[in-house]
Amino acid sequence: MLNVGLIGIGFMGRTHMTQYLRLEREGFPLRLTSICDVDAKKFQGIFTEGNIQNPSTQFDFSPYRLYNEVDRMLEEERLDMVDISLPTYLHAEVALKALRKGVHVLCEKPMALTTGEGEAMVEAARECGKKLMIAQVLRFWPEYEYLKETVAGGRYGKVLSAYFFRGGNPPVWTYNDWMVLENTSGGGMLDLHIHDIDMVNWLFGIPGSVATIARSVLPGSAYDIISTNYTYPDGKVVNSQIDRSLQGDFGFEMAFRVNFEGGNLVYDKRVLKDNPKDGKGFVPELSQDSGYYREIKYFAEAVIHDRPLDRSAPEDTLVSLRIAEAEKQSADQEGSPVRIA
């Protein structure tokens, strides 16, 4: 039985908690034993979204040992694994503490605010002999997994072009506005754009260079609107964009369009369409499980069976952070190309 501690019970922490509860119901050899959050009101069901009780997100916290301090939790609990769902600026600090306590770590994206912090996390996992995985959830999202299989399998030949988009309303509902602020979240680059940066890295590898134009919109933030071009030796045209300043009823949207020699894949409004060059397009049958469920189950199984993290190794997601830093450098230089060393 894998004993799990959840650190952070904000929006993403509650999303992860839902997956642990499902895994327990299904008889998976895992149990959530303890939860930590600095905001004790959350254990009363009062969350930052308007600072009111949200009837759609009701949890019974009574079965768990509850903490407001990470150090105390790590000292008192006998944990096999922790799930870090904290603001980005705390990722490295808490991951290092857990790893050095001999605990496996699943950490929300992005890995950290800087590659230096990320490198320290990877090195600590290696030295302590514990597993570290960054929850870059698109690697487990069924539509993006289908895209990866199509690229890697070559059934449509070479990729000619690829476009990715992600955008939504300003994230002004988080605790102390941490997701908005550059010094706590890394701004739009690390809060939102890191998803598609990681997807570009996962699909195509490290680009030769990046050229990014971006602008800041939200007070205290950095680069809420971003457009990046990635160069590759084979000449494919790759671009990704985000906009986290979309107002009104826009909601949230993520999409991609990838064109191959023999067809294209288009994901829009949560529907994936596969369009062969010489045939009728179709909507493929995919897993109905969420990417959050699948990533947590994958990591827990890797811990239980001591399997390598082939799909989402920390060394690979660290590369995504390095690409993000190059994009920021390019944006700071008003779009000048920056080579990836």
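So, how was this worked out
Residues numbered from 1 in each chain as written. Predicted model: local features only at pLDDT ≥ 70, side-chain atom pairs only at ≥ 80, totals over all residues. Heavy atoms only, no water. Helix = DSSP H or I, 4+ residues; strand = E, 2+ residues; numbered from the N terminus. Contact = heavy atoms within 4.5 Å. Salt bridge = Lys/Arg side-chain N within 4 Å of Asp/Glu carboxyl O. Buried < 20%, exposed > 50% of the residue type's maximum accessible area, 1.4 Å probe, protein only. Phe/Tyr/Trp six-rings, centres within 6.5 Å; stacked < 30°, edge-to-face > 60°. Lys NZ or Arg CZ within 6 Å of the ring centre and 35° of its normal.

## Examining the side chain of Thr 33
Part 1 of the reasoning: Checked against the element boundaries, Thr 33 lands in strand E2 (residues 30–36).
Part 2 of the reasoning: Among residues more than four places away in sequence, those in contact with Thr 33 are Asn 3, Val 4, Tyr 64, Arg 65, Glu 77 and Leu 79.

## Side note on the pattern of salt bridges
Part 1 of the reasoning: On inspection of all chains with the given rule, the structure shows 23 salt bridges.
Part 2 of the reasoning: With a shortest N-O distance of 2.9 Å, Lys 97 and Asp 71 are connected by a salt bridge. Of this pair, Lys 97 sits in helix H3 (residues 91–100) while Asp 71 is found in helix H2 (residues 70–76), placing the two residues 26 residues apart along the sequence.
Part 3 of the reasoning: For the salt bridge of Arg 166 with Asp 196, the shortest nitrogen-to-oxygen distance reads 3.2 Å. Taken together, the residues span a long stretch of sequence, with Arg 166 in strand E7 (residues 159–168) and Asp 196 in helix H7 (residues 187–204) at a distance of 30 residues.
Part 4 of the reasoning: When its relative accessible area of 2% is taken as the criterion, Arg 166 is described as buried.
Part 5 of the reasoning: Linked through salt bridges whose partners overlap, the residues forming this network are Lys 109, Asp 191, Asp 224 and Arg 244.

## A few points about the packing of aromatic side chains
The geometry of an aromatic ring pair is captured by the separation of the ring centres together with the interplanar angle, meaning the angle of the planes.
Part 1 of the reasoning: One pass over the full model with this rule turns up eleven aromatic pairs.
Part 2 of the reasoning: Between Phe 11 and Trp 173, the aromatic rings sit 5.4 Å apart at their centres with planes inclined by 65°, giving edge-to-face as the arrangement. With Phe 11 in helix H1 (residues 11–25) and Trp 173 in the loop between E7 and helix H6 (182–185), this pair connects stretches of sequence that are 162 residues apart.
Part 3 of the reasoning: Where Tyr 144 meets Phe 256, the ring centres are 5.0 Å apart and the plane angle is 65°; that geometry is what we call edge-to-face. Of this pair, Tyr 144 sits in helix H5 (residues 142–153) while Phe 256 sits in strand E11 (residues 252–260), and the two are 112 residues apart along the sequence.
Part 4 of the reasoning: Take Tyr 144: its relative accessible area is 0%, and that puts it in the buried class.
Part 5 of the reasoning: On the accessibility criterion, Phe 256 (1% relative accessible area) is buried.
Part 6 of the reasoning: Pairwise contacts between aromatic rings join Tyr 144, Phe 164, Phe 256 and Tyr 267 into one cluster.
Part 7 of the reasoning: For the cation-ring pair, Arg 22 lies above Tyr 293, with the distance from its terminal atom to the ring centre recorded as 3.6 Å.
Part 8 of the reasoning: Between the NZ or CZ atom of Lys 236 and the centre of the ring of Tyr 232, over which it lies, the distance is 4.7 Å.

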